Structure formats: C-alpha cells, structure tokens
Amino acid sequence: MKNMMDIMGMMKKAQAVQSQMTVVQNKMENTEFTGEAANGAVQVTMTGKFKATKVKLDKSVVDPSDIETLEDLLLVAMNDAKQKADDATEKAFESIKKGLNLPDNFKLPF
C-alpha cells in the first residue's frame, strides 16, 4: 500500500511540474528580451522562444563600406538576447524545482 501512495505522490508531483512548465513556456513565448552590441548601438529583440521581433540600429554602425562589422554586431546582439532568454527560462525552472522540493540534479525541461 505504501508503494502505491509513493507512486500516486510522484504522479501528482509530475503533473504539477508539467503544469508549471507549461505556464513558464507560455510566459517565455510572450516575453521579449533585448540583446545589445556596441554599447546599445545595435539592439535585437526576440521572444523567449527565440523569434526575432525587432532590430534597432544606430546610424553610427551603418557603414556601407564595412558591412562585415555590422553583421558581427548583429550576431553579438542576437546571442546576447538569446542568453538573456535562456537565463530567464532557467531561473523560472529553478523556481519550479524549489517550489516542488525536487532534487538539485533534477533537470528541467525533461
């Protein structure tokens, strides 16, 4: 009987994790993160699901004779935005783990 109770408890905990993960994923899908390069002269905004929503360029970084630098700055800004989204997602998953008393080595998402 005790094993059955343990299994039921584990199933409830798994359902709670799944429910909270869905909430986090929906939140990340609707949250925007802005990455920057060149002290904000290049900005890329994307959702937590990595969908780019906006690019902002200062005129100082637009040099038709040096497109490569602008391309590099765009990559830096995109990677910065992605890192911010990753960090926010990880922080939210850590909160779920703590709230459900899951072990530290428990990885979310599964």
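Scroll up a little and you will see the structure.
What you see is a predicted model; the values in this text were computed from it and never measured.

1. Looking at a nonpolar patch on the surface
On the surface, Val55, Leu57 and Val62 cluster together into a nonpolar patch covering about 240 Å² of accessible area. Mapped onto the elements, Leu57 comes out in strand β3 (residues 52-57). Overall, Leu57 belongs to the partly exposed group, its relative accessible area being 37%.

2. Regarding the pattern of salt bridges
Counted by the stated rule, this structure contains two salt bridges. Close ionic contact of Lys84 with Asp80 constitutes a salt bridge, the shortest N to O distance being 3.5 Å. Of this pair, Lys84 and Asp80 are both found in helix α2 (residues 67-99), four residues apart, which corresponds to roughly one turn of the helix. Salt-bridge contacts for Lys82 lead to Asp86; the nearest nitrogen and oxygen are separated by 2.7 Å. With Lys82 and Asp86 both in helix α2 and four residues apart, the pair spans about one turn of that helix. Overall, the relative accessible area of 26% leaves Asp86 in the partly exposed class.

3. Points about the pairing of strand β2 (residues 42-47)
Judged by how many residues are buried, β2 sits mostly within the fold: six of six residues are covered. Residues Val42, Val44 and Met46 of β2 are buried on one face, and the alternating residues Gln43, Thr45 and Thr47, pointing to the opposite face, are buried as well. Looking at chain direction, strand β1 (residues 32-37) and β2 are connected through six bridges and run antiparallel. Bridge pairing in β2 links Phe33 to Met46. Here β1 folds back onto β2 in antiparallel fashion, the turn holding four residues, of which Ala38 has a positive phi close to 55°. Note that β2 and β3 share five bridges and pair antiparallel. Counted as the bridge partner of Val44 is Val55 from β3. The antiparallel pairing of β2 with β3 creates a hairpin that spans four residues between the two strands, and Phe50 there sits at a positive phi of about 70°.

Cut-offs and rules
- Residues numbered from 1 in each chain as written.
- Predicted model: local features only at pLDDT ≥ 70, side-chain atom pairs only at ≥ 80, totals over all residues.
- Heavy atoms only, no water.
- Patch = residues over 30% accessible without salt bridge, like charges linked within 9 Å, V, L, I, M, F, W, Y side chains within 5 Å.
- Areas by Shrake-Rupley, 256 points an atom, 1.4 Å probe, with all protein chains shown as cover.
- Salt bridge = Lys/Arg side-chain N within 4 Å of Asp/Glu carboxyl O.
- Helix = DSSP H or I, 4+ residues; strand = E, 2+ residues; numbered from the N terminus.
- Buried < 20%, exposed > 50% of the residue type's maximum accessible area, 1.4 Å probe, protein only.
- Pairing = 2+ DSSP bridges.

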